[in-house]
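Observations on the three-dimensional arrangement
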Amino acid sequence: MVQDRKKVIGAVNTITYGLYVITSIGNENKVNGQISNTVFQITSVPLRIALGINKKNYTYELIKESGVFAINILKQSQLSMIPIFGLKSGRDINKFENIKYHTEITNSPIFDDILSWMDCRVIKDMTIDCGTHSLFIADVLDGSIVSVEEPLTYKYYRENRTK
Ligand SMILES: Cc1cc2nc3c(=O)[nH]c(=O)nc-3n(C[C@H](O)[C@H](O)[C@H](O)COP(=O)(O)O)c2cc1C
């Protein structure tokens, strides 16, 4: 058990993160996306990443259905994406109403206006149950840089959020 939770959380919050919209496609072509900071590369050869997702999220449901997702890496100028994709559920609203996107290998939505993206497939038997969240280990199948700008970080979000 954690000794002094408030003190330790302060230390945990000094871990640096980027912010991403994780998208997926489920049965009957349902699409959705959510904000996640829990994305990191694990291996270079083969190119593999890990993604942490809350099991209650609609995006989790779609990833479980299809076994695929895309990582959309946000630009610093895209702070306004956080309330839409990070504070509401796709079970209640259509988050893609004003988003232009296309698809590649996995059919998961890739934003046209984004810093960069990666298309990923979850590896069989490599999903770890962490309690409230699951950790998906996935192969990176494709990806590209779209624009050269500053990435959006969790620190920038904390310091500049209005909601
Ligand atoms: C800054 C920020 C970081 C977040 N990081 C994560 C994360 O790493 N994993 C996760 O499951 N949810 C994370 N969330 C919460 C989800 O984005 C949020 O619950 C979302 O509404 C789920 O949407 P959905 O039900 O449409 O999938 C984060 C939210 C914010 C605002």
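For the structure, check the block above.
Residues numbered from 1 in each chain as written. Predicted model: local features only at pLDDT ≥ 70, side-chain atom pairs only at ≥ 80, totals over all residues. Heavy atoms only, no water.

**A look at the state of the cysteines**
- Tallied over the entire structure, the rule returns 0 disulfides.
- Looking at Cys120, it has no disulfide partner, and the nearest cysteine sulfur is the one in Cys130, 17 Å off.
- The partly exposed category is assigned to Cys130, whose relative accessible area is 46%. (Disulfide = S-S within 2.5 Å. Buried < 20%, exposed > 50% of the residue type's maximum accessible area, 1.4 Å probe, protein only.)

**Here we look at the sheet that holds strand β8 (residues 116–129)**
- If you trace the 7 strands from one edge of the open sheet to the other, you get β2-β1-β5-β8-β9-β4-β3, paired in antiparallel fashion. The open sheet has two free edges, formed respectively by β2 (31–36) and β3 (39–43), since each of these has just one partner strand. Strand-to-strand, the axes of this sheet are offset by a mean angle of 35 degrees, without reference to chain direction.
- Pairing between strand β1 (residues 20–25) and β2: 6 bridges, direction antiparallel. (Pairing = 2+ DSSP bridges. Helix = DSSP H or I, 4+ residues; strand = E, 2+ residues; numbered from the N terminus. Axes fitted to C-alpha atoms, helices over the stretch in contact; angles between N-to-C directions.)

**Thoughts on a nonpolar patch on the surface**
- A surface patch of nonpolar side chains, about 290 Å² in accessible area, is lined by Val2, Val8, Val12 and Ile15.
- Within the secondary structure, Val8 is located in helix α1 (residues 5–12).
- Val8 gets classed as partly exposed once you look at its relative accessible area, which sits at 31%. (Patch = residues over 30% accessible without salt bridge, like charges linked within 9 Å, V, L, I, M, F, W, Y side chains within 5 Å. Areas by Shrake-Rupley, 256 points an atom, 1.4 Å probe, with all protein chains shown as cover. Salt bridge = Lys/Arg side-chain N within 4 Å of Asp/Glu carboxyl O.)

**Concerning unusual backbone geometry**
- Along the chain, Val45 connects to Pro46 via a cis peptide bond; the corresponding omega equals -5 degrees.
- With respect to the helices and strands, the residue Pro46 is situated in the loop between β3 and β4 (48–54).
- Positive phi, normally seen in glycine, also occurs at Asn29, with a value near 60 degrees.
- You will see that Asp125, though not glycine, has its phi angle at about 65 degrees, which is positive.
- You can see Asp125 is positioned in strand β8.

**What about the pattern of salt bridges?**
- One pass over the structure, following the stated rule, counts 8 salt bridges.
- Residues Arg48 and Asp139 are paired through a salt bridge, measuring 3.1 Å at the closest nitrogen-oxygen approach. Taken together, the positions of Arg48 in strand β4 and Asp139 in strand β9 (residues 133–145) put the pair 91 residues apart, joining distant regions of the chain.
- Exposure remark for Arg48: the relative accessible area of 22% places this residue in the partly exposed category.
- Salt-bridge contacts for Lys75 lead to Asp113; the nearest nitrogen and oxygen are separated by 2.5 Å. In this pair, Lys75 is assigned in the loop between β5 (68–73) and α3 (81–86) and Asp113 in the loop between β7 (110–111) and β8, connecting sequence segments 38 residues apart.
- A residue is classified by how much of its surface remains accessible, and Lys75, at 7% relative accessible area, is buried.
- Taken together, the shared-partner salt bridges in this structure form one network comprising Lys75, Asp113 and Glu149.

**Quick notes on the pairing of β5**
- Judged by how many residues are buried, β5 sits mostly within the fold: 6 of 6 residues are covered.
- Residues Val68, Ala70 and Asn72 line one face of β5 and the alternating positions Phe69, Ile71 and Ile73 line the opposite face, and both faces are buried.
- Bridge count for β5 against β8 is 6 bridges, and the pairing is antiparallel. Each residue of the ladder has a partner; that of Ile73, found in β8, is Ser116.

**Describing the site of the ligand**
- The full set close to the ligand counts 24 residues, and Thr38, Asn54, Thr59, Lys88 and Gly90 are the nearest of them.
- Contact distances for the ligand include 2.8 Å between an oxygen atom and a backbone N or O atom of Ile35.
- One nitrogen or oxygen atom from the main chain of Gly90 is found 2.7 Å from an oxygen atom belonging to the ligand.
- Considering the ligand on its own, with 650 Å² of exposed area, one finds that the protein chains cover 86% of that surface.
- Of all elements in the fold, only β2, β4, α2 (58–66), α3 and α4 (154–160) reach the threshold of two or more residues within the shell around the ligand.
- Per-element accounting of the shell around the ligand gives the leading share, 4 residues, to β2. (Near = heavy atom within 4 Å. Polar contact = N/O pair within 3.5 Å; in protein donor to acceptor, adjacent residues only side chain to side chain.)

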